[in-house]
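Architecture and fold: a report
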Amino acid sequence: MFRYLIYMTILATALFGEGGAPMMTDGTGTPSDGKWELNVGLKLEDTQGDKRYEAPILDLNYGLGDRIQLKIESTYISLDNDESSERGIGNAKVGAKWRFYENDTFALSIYPQYTFAPVRKNIEKSLADVDEAWFLPLEMSKQFGSIGVTAEVGYLILSHDQDWIKSGIVAGYQSTEALEFLVELYRSAKSKGEEESIFLNTGLTYVFTPNVNALFSIGKEIKSPSSTNKELMFIGLQFLF
């Protein structure tokens, strides 16, 4: 894993990026005081014919002061394969981000989040991944003039399974004032190193108006604990108000 982090850190010296949607890694940014951010998205996960759709994903955030963000998120899941299909509400998530340190070029935040299953029977149908879990991450953003990097590492505590460690690093290139290209490496594994998964994702954001942004990412699992590698795609809109 260390060689991937070294590679991405070198890459970040030539690129600039922020974390958060449409990528898996979260950054240190928060909405301004009293402002709302709504991300509406569609996510497709394909594992050699087994398809998982999340549509719509509704991710609502609120700025409480200049350094705190409150979050609530949920999604509707569709599972399809050759033998069956399932539909229903997936996991919901609530959280609060606090950017506890920042200066002109560097910021640190923590972002504790609680995940639960609003419809518990959907756990048995694999529509909800867990019955409840806590995610305790630390985010870092560093800028060097127009160059920057955002990274996140967190501990996922599950109620009925071994804990996980998740980490990601994302960078991007600001092609124009409206268009930013993104690249990301994201790793997850159980706390003892089992079932390691590594995703390589690329994406972009495009500013339609000061209050509406387009979000897109596509990625592939480059290391999988199974014999199959997942492919991901995310399409969404971000509304600021």
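To be clear, the structure that these remarks concern was listed above.
The present account deals with the structure reproduced in this document.

Calculation rules
- Residues numbered from 1 in each chain as written.
- Predicted model: local features only at pLDDT ≥ 70, side-chain atom pairs only at ≥ 80, totals over all residues.
- Heavy atoms only, no water.
- Helix = DSSP H or I, 4+ residues; strand = E, 2+ residues; numbered from the N terminus.
- Buried < 20%, exposed > 50% of the residue type's maximum accessible area, 1.4 Å probe, protein only.
- Areas by Shrake-Rupley, 256 points an atom, 1.4 Å probe, with all protein chains shown as cover.
- Lys, Arg positive; Asp, Glu negative; His and termini not counted.
- Charge placed at Lys NZ, Arg CZ, Asp CG, Glu CD.
- Pairing = 2+ DSSP bridges.
- Contact = heavy atoms within 4.5 Å.

As for the overall build of the protein
Within the protein, the secondary structure is distributed over 2 helices and 14 strands. Counting only C-alpha atoms, the protein reaches 50 × 40 × 30 Å along its principal axes. Counting the 241 residues in the protein, one finds 43% classified as buried. For the protein, the computed accessible surface area is about 12600 Å², with 59% contributed by carbon and sulfur atoms. Charged side chains of the protein number 22 positive and 33 negative; the gap between the two group centres comes to 2 Å.

Details of the pairing of strand β14 (residues 231-240)
Judged from the 10 bridges that link them, strand β1 (residues 36-47) and β14 form a sheet pairing that is antiparallel. When the bridges of β14 are listed, V40 appears paired with L237. In the sheet, strand β13 (residues 212-223) pairs with β14 via 9 bridges, with the strands oriented antiparallel. Of the residues in β14, the one forming a bridge with N213 is Q238.

What to know about the side chain of S197
Looking at where S197 falls in the secondary structure, it is placed in strand β12 (residues 197-209). The buried category is assigned to S197, whose relative accessible area is 7%. With near-sequence residues (within four places) excluded, S197 lies in contact with Y186, R187, S188, E221, K223 and P225.

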